[in-house]
Amino acid sequence: VRALSALHGAVEAHRERFAYERKVERATRMLQRWARGVLMVKVMTSDVERRGEAIKKLSRGLTPSVLRWKLRRKTQKADVLQTFLTELAKNNSVKQRLSLFIFQMRRLQRVWRNYLRRERARMVLLSKQWDKAFLLIRTGGKYGKIGKLTGSAVSSHAMLASP
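Nothing here was measured: the structure is a model prediction, and the numbers come from that model.

Engineer: Please clarify how the overall build of the protein should be interpreted in this entry.
Structural biologist: Regarding its fold elements, the protein presents four helices and zero strands. Secondary structure elements in the protein, listed N-terminal to C-terminal, are α-α-α-α. Burial statistics for the protein: of 163 residues in total, 7% are counted as buried. The long-range share in the protein, meaning contacts at least 24 apart out of those at least 6 apart in sequence, stands at 35%. Here the protein displays about 15000 Å² of accessible surface, and carbon together with sulfur accounts for 62% of that area.

Right, dumping it as structure tokens:
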């Protein structure tokens, strides 16, 4: 069984090598034919019309193979694109990632806005407390005690303006 599988592997390797060599030979012959034709056109023709006709004849022979090559390349590219889109449709990962990103951004914005609201409220409270403390310090405790709410709190800016 091992010998049979080894023989099978050797035959397959020989076939692949032979196919590759045939492919290289075919490409080499085509390039040689093209080069000979171009050189012949340049050497043998000096007249513009004759050169044009010779190039047309040469291109007729090459056109089918060039078109097949272009078609094969386009087909390969289309296959790659189709595979990518098929995998994308299966996994749906782009849509999921975008949805997750939008969700996370909204959550971040909500947290940031709540933080700013709390910070703004803290600043307002701190400002009121400083106004009260400044009033008590400035008046010597005449309008109340620290920690006790006063009915009419005077702004620190108004206190600074008065002598």
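And the narrative resumes.
Engineer: Explain the environment of Gly37 to me, please; I cannot follow it from the model alone.
Structural biologist: Considering the arrangement of structural elements, one finds Gly37 in helix H1 (residues 2-44). Distance from Gly37 to Ser59, taken between C-alpha atoms, is 9.4 Å for residues 22 residues apart in sequence.

Engineer: What exactly am I supposed to notice about the pattern of salt bridges here?
Structural biologist: Counted under the stated rule, the structure contains three salt bridges. Among the salt bridges present, the one from Glu12 reaches Arg15, with a minimum N-O distance of 3.2 Å. Taken together, the residues Glu12 and Arg15, both in helix H1 and three residues apart, mark about one turn of the helix. According to the relative accessible area criterion, Arg15 is exposed, its value standing at 54%. Across the pair Arg122 and Glu119 runs a salt bridge whose closest N-O atoms are separated by 2.8 Å. Here the residue Arg122 and the residue Glu119 both occupy positions in helix H3 (residues 93-139), the gap between them amounting to three residues, near one helical turn. Arg122 gets classed as partly exposed once you look at its relative accessible area, which sits at 45%.

Engineer: It is not clear to me how H3 should be interpreted in this structure. Could you clarify?
Structural biologist: Since there are 3.6 residues in each turn of an α-helix, residues three or four apart along the chain are aligned in direction. With 47 residues, H3 extends 68 Å between its outermost C-alpha atoms, agreeing within 8% with the 69 Å of an ideal straight helix rising 1.5 Å per residue. If you check which residues of H3 are buried, you get Asp131, Leu135 and Leu136. Positive phi shows up at Gly140, right after H3, with a value of about 70 degrees.

Engineer: Which parts of the structure should I look at to understand a positive patch on the surface?
Structural biologist: A contiguous patch of positive charge, built from Arg22, Lys23, Arg26, Arg68 and Arg72, is present on the exposed surface. Of all the secondary-structure elements, those providing two or more residues to the positive patch are H1 and helix H2 (48-91). Among the structural elements, Lys23 can be located in helix H1.

Engineer: I'm lost on a nonpolar patch on the surface in this one. Help?
Structural biologist: On the surface, Phe101, Ile102, Met105 and Leu108 cluster together into a nonpolar patch covering about 370 Å² of accessible area. Its place among the elements puts Ile102 in helix H3.

Engineer: Could you clarify how one ought to interpret the confidence of the model for the protein in this entry?
Structural biologist: Detailed reading of predicted coordinates is not advised where the pLDDT is low. For the protein, the average pLDDT comes to 78, and 75% of its residues sit at 70 or higher. The secondary-structure element of the protein with the lowest mean pLDDT is helix H4 (residues 156-161), recorded at 47, while H3 shows the highest, at 90. Below a pLDDT of 50 lies the segment residues 149-163, which in the model reaches 16 contacts outside its immediate sequence neighbourhood of four places, other chains included.

Thresholds, definitions, all that
Residues numbered from 1 in each chain as written. Predicted model: local features only at pLDDT ≥ 70, side-chain atom pairs only at ≥ 80, totals over all residues. Heavy atoms only, no water. Helix = DSSP H or I, 4+ residues; strand = E, 2+ residues; numbered from the N terminus. Buried < 20%, exposed > 50% of the residue type's maximum accessible area, 1.4 Å probe, protein only. Contact = heavy atoms within 4.5 Å. Areas by Shrake-Rupley, 256 points an atom, 1.4 Å probe, with all protein chains shown as cover. Salt bridge = Lys/Arg side-chain N within 4 Å of Asp/Glu carboxyl O. Expected span 1.5 Å × (residues − 1). Patch = residues over 30% accessible without salt bridge, like charges linked within 9 Å, V, L, I, M, F, W, Y side chains within 5 Å. Lys, Arg positive; Asp, Glu negative; His and termini not counted. Charge placed at Lys NZ, Arg CZ, Asp CG, Glu CD. pLDDT = per-residue confidence, 0-100.

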